[in-house]
Amino acid sequence: MSSTSSEDPSDTPNDAPEATPLLAPADGVPAVVTTADGVVAAATLLAGGHGPLAVDAERASGFRYSQRAYLLQFRRRGAGTVLLDPIPVTDALGPLADVINPLEWVLHSADQDLPGLAELGLVPATLYDTELAGRLAGFERVGLGAIVERTLGLSLQKGHGAADWSTRPLPDTWLNYAALDVEVLVELRDAMAAELESQGKTDWARQEFEHILALGPPKPKGDRWRKTSGIHSVKSQRVLAAVRELWQTRDQLAQRRDIAPGRVLPDSAIIAAASADPKSEGELRALPVFGGPRQRRSTSLWLSALERARRLDTRDLPPRTVPFDGPPPPSRWARRDPDAAERLATVRTAMTALSENVSVPVENLLMPDLLRRVVWEWRPGIGAESIETRLAEAGARPWQRELVVPVLAEALTPPQVTDR
């Protein structure tokens, strides 16, 4: 689970009543499963439980290249908690998958953990995401700590969500923290289910959870090198090519070593080297970062990357901007299409009113990018039926379309002017 799920101090309401600290699991911290026999025993234990399965996974984001899970946590009523190290038993998880894959899983911010779990062959039949449930319920703070405190009156331990979970052995305090992340997750699921039922949003949540499972793992994004911090300052295509070559070299090195790319070479160093275009070891090492002992071993790699960029034919240089099939940034709408800018302002006002009326954030009512596309593409004569079709094709759920289509149709249709 990411550090934002239960670590952010701002996630706790200042005016909330005093919560009861949850300092340790009620049954203690179980020993970590690290063997194939242990996996079988854990599967048998969980099979003897009943009801939904609380699930969490700890990664080493910011430390490792991969997004693999380094610790898995499970808890089920009647069975208790299981902590499992998947690294030594990656090929022995079949018995566990047979037991838990047919169950309903309860996760907090499921999209963070599901891809890594799927890599291990662990995929739920159904899902309950307590963070998303909090958003649909209109909660202002939906981090695990805040939502547990609000609904259950308990205060979770903080402090290790952003740790390097690839560390071995894992410290006892970390394991205590990990066990607590699933200690009351099923109880939280029940509390959120009751809250959504009282608001008439149970079916909305069901559709959202089914949508998350249907999406599957995220698709790799192209031109990831263009996300390099500071790249906005680069105007030359040749320098952009150098950024790309350095980024790709770093990425390959990071993947081979399983180290987070930023720990191999910071983005700022990539931009500095691409801009300075050093042609010798001395010139490169004179730049910040590259003169350090860790970077000196890779000097030839970075110089080779820069040389490849210099040798590129002009036709092979990356364009300054990436062609985009969608609308321009909203800040440019007034200049590009004043009517569209006016439509967007009207739609935003209407969507904000809808959001307040149903107590659901605007971004959960409809993806912001899809909303902008619909407004930008709108032309006179496009009515509710066409908007409905457009949203359905883009994956908007039925509950979203039921709420949003009438609002968009009314906001986009200019008022009729009658002659007197």
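A quick note: this is a predicted structure, and the numbers were derived from the prediction, not measured.

**Student:** I'd like a description of the overall build of the protein chain, backed by residues and values.
**Tutor:** If you tally the helices and strands in the protein chain, you get 20 helices and eight strands. Principal-axis analysis of the C-alpha atoms gives the protein chain an extent of 85 × 65 × 40 Å. Considering the protein chain as a whole, with its 420 residues, one finds that 46% of them fall into the buried category. When contacts within the protein chain are restricted to residue pairs at least 6 apart in sequence, long-range pairs at least 24 apart make up 68% of them. Within the structure as shown, the protein chain displays about 21100 Å² of accessible surface, and the carbon and sulfur contribution to it stands at 52%. Charge-centre separation for the protein chain: the mean point of 48 positive side chains lies 10 Å from the mean point of 56 negative side chains.

**Student:** Explain the domain arrangement of the protein chain to me, using residue names and the numbers behind them.
**Tutor:** The domains assigned to the protein chain are domain 1 (20-215), domain 2 (224-311) and domain 3 (330-412). When each unit is reduced to the centre of its C-alpha atoms, the spacing between domain 1 and domain 3 is 35 Å. In this complex, domain 1 contributes ten residues to the contact, which on the side of domain 3 involves eleven residues. The largest contributions to the domain 1 side of the interface with domain 3 come from Arg-135, Trp-204 and Gln-207, which together make up 52% of the buried area. Applying the counting rule to domain 1 against domain 3 returns one salt bridge.

**Student:** Residue-level account of the sheet that holds strand E3 (residues 50-58), with values.
**Tutor:** Strand order in the open sheet formed by six strands is E2-E5-E4-E3-E6-E7, and the pairing between neighbours is mixed. Among the strands making up the open sheet, the edge pair consists of strand E2 (32-33) and strand E7 (126-129). Bridging between E3 and strand E4 (residues 71-77) involves seven bridges; their strand directions are antiparallel. Residue pairing for E4: Val-55 is matched across the bridge by Phe-74. Where helix H6 (residues 172-183) meets the sheet, its contacts fall on E2, E3, E4 and strand E5 (80-84), and the angle it forms with E4 comes to roughly 40 degrees.

**Student:** Any details on the side chain of Arg-373? Residues and values, ideally.
**Tutor:** Relative to the assigned elements, Arg-373 resides in helix H18 (residues 368-377). Residue classification places Arg-373 among the buried residues on the basis of a relative accessible area of 14%. Here Asp-369 takes part through its side chain, which lies 2.8 Å from a polar atom of the side chain of Arg-373. Not counting chain neighbours up to four residues away, the residues in contact with Arg-373 comprise Phe-324, Asp-325, Gly-326, Pro-327 and Arg-390.

**Student:** Residue-level account of the packing of aromatic side chains, with values.
**Tutor:** Tallied over the full model, the rule gives six aromatic pairs. Summarising the aromatic geometry, the rings of Trp-165 and Trp-174 are spaced 5.4 Å apart at their centres and angled 55 degrees between planes, so their arrangement reads as tilted. Just as Trp-165 is buried, Trp-174 falls in that class too. A centroid spacing of 4.7 Å and a plane angle of 15 degrees characterise the contact between Trp-204 and Trp-399, whose relative ring orientation is stacked. Remark: Trp-399 occurs in helix H20 (residues 398-412) and Trp-204 occurs in helix H8 (residues 202-215); sequence separation between them is 195 residues. In terms of burial, Trp-204 and Trp-399 fall into one category: buried. Members of the aromatic cluster, joined through ring pairs, are Trp-165, Trp-174 and Tyr-177. The aromatic ring of Phe-139 is capped on one face by Arg-150, whose charged end is 3.7 Å from the ring centroid.

**Student:** Before we move on, could you go through the side chain of Gln-295 and cite the residues and values that matter?
**Tutor:** Within the fold, Gln-295 resides in helix H13 (residues 293-296). You can call Gln-295 buried: its relative accessible area is 7%.

**Student:** With reference to specific residues and values, describe the pattern of salt bridges.
**Tutor:** Taken as a whole and judged by the stated rule, the model has 24 salt bridges. The residue Asp-251 makes a salt bridge to Arg-224 at a minimum N-O spacing of 3.4 Å. In this pair, Asp-251 is assigned in helix H9 (residues 237-257) and Arg-224 in the loop between H8 and H9, connecting sequence segments 27 residues apart. For Asp-251, a relative accessible area of 10% translates into the label buried. Given the relative accessible area of 40%, Arg-224 is considered partly exposed. Connected through shared salt-bridge partners, Asp-277, Lys-279, Glu-307, Arg-310 and Arg-311 make up one network.

**Student:** Give a detailed account of the packing of helix H5 (residues 144-152) against helix H7 (residues 185-198), specifying residues and quantitative values.
**Tutor:** Two numbers describe how H5 lies on H7: the axes approach to 10 Å, and their chain directions differ by 65 degrees. Considering how the two elements wind past one another, H5 and H7 form a crossing that is left-handed. On H7, the residues that touch Leu-144, Ile-147, Val-148, Thr-151 and Leu-152 of H5 are Leu-185, Glu-187, Leu-188, Ala-191 and Met-192. Looking at the contact of H5 with H7 residue by residue, the class counts come to eight nonpolar, one polar and one charged.

**Student:** Tell me about the environment of Glu-208, and name the residues and values.
**Tutor:** Checked against the element boundaries, Glu-208 lands in helix H8. For the pair formed by Glu-208 and Gln-400, sequence separation is 192 residues and the distance between their alpha carbons is 9.8 Å. If sequence neighbours within four positions are ignored, Glu-208 has contacts with Leu-132, Leu-136, Arg-397, Trp-399 and Gln-400. At 2.7 Å, the side chain of Glu-208 and the side chain of Arg-397 are in polar contact.

Calculation rules
- Residues numbered from 1 in each chain as written.
- Predicted model: local features only at pLDDT ≥ 70, side-chain atom pairs only at ≥ 80, totals over all residues.
- Heavy atoms only, no water.
- Helix = DSSP H or I, 4+ residues; strand = E, 2+ residues; numbered from the N terminus.
- Buried < 20%, exposed > 50% of the residue type's maximum accessible area, 1.4 Å probe, protein only.
- Contact = heavy atoms within 4.5 Å.
- Areas by Shrake-Rupley, 256 points an atom, 1.4 Å probe, with all protein chains shown as cover.
- Lys, Arg positive; Asp, Glu negative; His and termini not counted.
- Charge placed at Lys NZ, Arg CZ, Asp CG, Glu CD.
- Domains from an automatic or database assignment.
- Buried area = accessible area lost by both parts, 1.4 Å probe.
- Salt bridge = Lys/Arg side-chain N within 4 Å of Asp/Glu carboxyl O.
- Pairing = 2+ DSSP bridges.
- Axes fitted to C-alpha atoms, helices over the stretch in contact; angles between N-to-C directions.
- Polar contact = N/O pair within 3.5 Å; in protein donor to acceptor, adjacent residues only side chain to side chain.
- Phe/Tyr/Trp six-rings, centres within 6.5 Å; stacked < 30°, edge-to-face > 60°.
- Lys NZ or Arg CZ within 6 Å of the ring centre and 35° of its normal.
- Left-handed = near helix turned anticlockwise from the far one by under 90°.
- Nonpolar A, V, L, I, M, F, W, Y, C, P; charged D, E, K, R; others polar.

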